[in-house]
Amino acid sequence: MLRHEFQPGKLVAGVFLTLTGVIYAGDAGGAWQTPWFVVIPVVTGGLCLAGAVASVTHAVRRRRPERG
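Attention here is on the structure that accompanies the text. (Residues numbered from 1 in each chain as written. Predicted model: local features only at pLDDT ≥ 70, side-chain atom pairs only at ≥ 80, totals over all residues. Heavy atoms only, no water.)

Digging into the overall build of the protein chain
Right, so step 1: Secondary structure assignment for the protein chain yields two helices and zero strands.
Right, so step 2: Expected size for 68 residues packed as a compact globule is a radius of gyration near 11 Å; at 16 Å, the protein chain overshoots this value by more than 25%.
Right, so step 3: Across its three principal directions, the C-alpha atoms of the protein chain cover 50 × 25 × 10 Å.
Right, so step 4: Sorting the 68 residues of the protein chain into buried and exposed places 19% on the buried side.
Right, so step 5: Summarising the internal contacts of the protein chain: among those between residues at least 6 apart in sequence, 56% fall at separations of at least 24.
Right, so step 6: Accessible surface for the protein chain amounts to roughly 5,600 Å². Of this, 67% is attributable to carbon and sulfur atoms. (Helix = DSSP H or I, 4+ residues; strand = E, 2+ residues; numbered from the N terminus. Rg over C-alpha atoms; globule rule 2.2 N^0.38 Å. Buried < 20%, exposed > 50% of the residue type's maximum accessible area, 1.4 Å probe, protein only. Contact = heavy atoms within 4.5 Å. Areas by Shrake-Rupley, 256 points an atom, 1.4 Å probe, with all protein chains shown as cover.)

Describing helix α2 (residues 39-63)
Right, so step 1: Taking 1.5 Å per residue, 25 residues should reach 36 Å; α2 reaches 36 Å between its end C-alpha atoms and fits that length.
Right, so step 2: Buried positions along α2 lie against α1 (8-28). (Expected span 1.5 Å × (residues − 1).)

Remarks on the side chain of Thr-20
Right, so step 1: Structurally, the position occupied by Thr-20 is in helix α1.
Right, so step 2: Assessed through its relative accessible area of 9%, Thr-20 is described here as buried.
Right, so step 3: The residues contacting Thr-20, other than those within four sequence positions of it, are Val-39, Val-42 and Val-43.

So, the packing of aromatic side chains
Right, so step 1: Taken as a whole, this structure holds one aromatic pair when the rule is applied.
Right, so step 2: With a centroid separation of 5.8 Å and 90 degrees between ring planes, the pair formed by Trp-36 and Phe-37 is classed as edge-to-face.
Right, so step 3: A relative accessible area of 46% means that Phe-37 is categorised as partly exposed. (Phe/Tyr/Trp six-rings, centres within 6.5 Å; stacked < 30°, edge-to-face > 60°.)

Re the packing of α1 against α2
Right, so step 1: Following both chains from N to C, one finds α1 and α2 inclined at 170 degrees, their axes separated by 7 Å at the closest point. Classified by the angle their axes make, α1 and α2 are roughly antiparallel. On α2, the residues that touch Pro-8, Gly-9, Val-12, Ala-13, Phe-16, Leu-17, Leu-19, Thr-20, Ile-23 and Tyr-24 of α1 are Val-39, Val-42, Val-43, Gly-46, Leu-47, Leu-49, Ala-50, Val-53, Ala-54, Thr-57 and Arg-61. (Axes fitted to C-alpha atoms, helices over the stretch in contact; angles between N-to-C directions. Parallel < 35°, antiparallel > 145°, perpendicular 65-115°, else oblique.)

Dropping the structure here:
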């Protein structure tokens with residue numbers, strides 16, 4: 001039994017923010033050079049995609065009858 005409902009919008013946001021952390025960690029560790037402005041489209045795009053996924057999820061769940 002699930003303790004809470006699955007929210008894919010939060011999952012998408014978490015993946016993109018983790019990717020941002022990996023980009024900065026690679027830059028700090030000297031693995032590659034990353035300009036500071038590269039992460040702005042990554043974070044913005046990830047949050048926009050997460051919002052779209054959350055909206056679609058809400059629309060789909062609103063139409064389905066409650067189970068349980």
